Amino acid sequence: MENKEKYALVTGASSGIGKELAKLFAGDKYNLIIIARHQDELESTAEEFREAYGVTVQTIAKDLSKRESPFEIYDEVKRLGLHVDVLVNNAGQGAYWEFKDIDINRELDIVQLNIGSYIALTSCFLQDMLQNQSGKILNVGSIAGEAPGPPQSVYHGAKA
């Protein structure tokens with residue numbers, strides 16, 4: 001049964017696990033708000049979902065390693081007049097190098113992406129969900145949070 005009123009917001013939705021999760025929601029007839037860094041990849045993914053599932057797909061291109069991006073996403077969703085029923089915090093990445101050789105600014109961006117954006121998006125959308133007494137949040141993790149990973153120590157630590 002199609003429900004045009006339900007929206008799932010999925011970060012990191014233009015590839016990998018995020019794209020697959022968005023596909024599952026579209027298959028369940030959720031409309032989508034998909035987030036990734038590159039507008040062209042988002043548009044291609046959105047068109048694929050529109051054609052395959054007949055759902056509405058909004059795209060928002062934002063780099064979630066930037067501290068302000070989660071708040072800008074929330075503001076854009078509100079500006080569009082959309083209600084998020086399911087928030088999927090999925091976007092994430094790591095860098096592969098020994099800690100002694102890290103680019104500290106790159107690693108701090110990864111921490112913002114893998115932790116800060118999840119916290120900020122959850123905080124923003126949770127308030128609406130509580131007010132509406134409805135909503136779901138999925139925070140995608142990684143087996144990396146359960147095991148040591150010296151060449152990706154910051155990524156493994158963030159996932160833990």
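Residues numbered from 1 in each chain as written. Predicted model: local features only at pLDDT ≥ 70, side-chain atom pairs only at ≥ 80, totals over all residues. Heavy atoms only, no water.

Undergrad: How should I be thinking about helix α4 (residues 104-132) in this particular structure?
TA: Each full turn of the α-helix corresponds to 3.6 residues, which orients residues three or four apart in the same direction. Its 29 residues give α4 an end-to-end C-alpha distance of 41 Å, which sits within 8% of 42 Å, the value for a rise of 1.5 Å per residue. Gln133 sits one or two positions beyond α4 and adopts a positive phi of about 50°. (Helix = DSSP H or I, 4+ residues; strand = E, 2+ residues; numbered from the N terminus. Expected span 1.5 Å × (residues − 1).)

Undergrad: Whenever I open this one, the packing of aromatic side chains confuses me. Can you help?
TA: Any two aromatic rings considered together are summarised by their centre-to-centre distance and by the angle between their planes. Applying the stated criterion across every chain, the model contains 3 aromatic pairs. With 5.0 Å between their ring centres and 75° between their planes, Tyr74 and Phe125 make a pair best called edge-to-face. One end of the pair, Tyr74, is in helix α3 (residues 69-79); the other, Phe125, is in helix α4, and 51 residues separate them in sequence. We classify Tyr74 as buried; its relative accessible area is 17%. Among the residues examined, Phe125 registers a relative accessible area of 2% and is labelled buried. (Phe/Tyr/Trp six-rings, centres within 6.5 Å; stacked < 30°, edge-to-face > 60°. Buried < 20%, exposed > 50% of the residue type's maximum accessible area, 1.4 Å probe, protein only.)

Undergrad: Just to check I follow, could you spell out the pattern of salt bridges for this structure?
TA: Once their charged atoms are close, side chains differing in charge can pair, the charge on each being opposite to the other. Tallying each qualifying case throughout the model produces 7 salt bridges. Close ionic contact of Glu72 with Lys62 constitutes a salt bridge, the shortest N to O distance being 2.8 Å. Residue Glu72 is located in helix α3, and its partner Lys62 is located in the loop between β3 (57-61) and α3; the two are separated by 10 residues in the primary sequence. Here Glu72 falls in the partly exposed class, since its relative accessible area comes to 32%. Residue classification places Lys62 among the partly exposed residues on the basis of a relative accessible area of 24%. The salt bridge partner of Glu76 is Arg79, with a shortest N-O separation of 2.8 Å. (Salt bridge = Lys/Arg side-chain N within 4 Å of Asp/Glu carboxyl O.)

Undergrad: So what exactly am I meant to see when it comes to the packing of helix α1 (residues 16-27) against helix α2 (residues 39-53) here?
TA: Each packed pair of helices is defined by two parameters, the angle between the axes and the distance between the axes. Where α1 meets α2, the axes come as close as 10 Å, and the angle between the chain directions of the two elements is 30°. One element, α1, and the other, α2, form an angle in the roughly parallel class. Regarding α1 and α2, the two cross each other, and that crossing is right-handed. Contact residues: Lys19, Ala22, Lys23, Ala26 and Gly27 in α1; Thr45, Glu48, Phe49 and Tyr53 in α2. Split into classes, the residues belonging to the contact of α1 with α2 amount to 4 nonpolar, 2 polar and 3 charged. (Axes fitted to C-alpha atoms, helices over the stretch in contact; angles between N-to-C directions. Parallel < 35°, antiparallel > 145°, perpendicular 65-115°, else oblique. Left-handed = near helix turned anticlockwise from the far one by under 90°. Contact = heavy atoms within 4.5 Å. Nonpolar A, V, L, I, M, F, W, Y, C, P; charged D, E, K, R; others polar.)

Undergrad: How do you make sense of α1 when you look at a structure like this?
TA: An ideal rise of 1.5 Å per residue puts 16 Å on 12 residues; α1 measures up with 17 Å between its terminal C-alpha atoms. Residues Gly18, Lys19, Leu21, Ala22, Phe25 and Ala26 constitute the buried set of α1. The buried residues of α1 all sit within an arc of 165° when viewed along its axis, so they share a single face. Along α1, exposed side chains directed more than 90 degrees from the buried face belong to Ile17 and Leu24. In this fold, the buried residues of α1 make contact with β1 (7-11), β2 (31-36), α2, β4 (86-89) and β5 (136-139). Trailing α1 by a residue or two, Lys29 shows a phi angle of about 70°, which is positive. (Arc of directions from axis to C-beta.)

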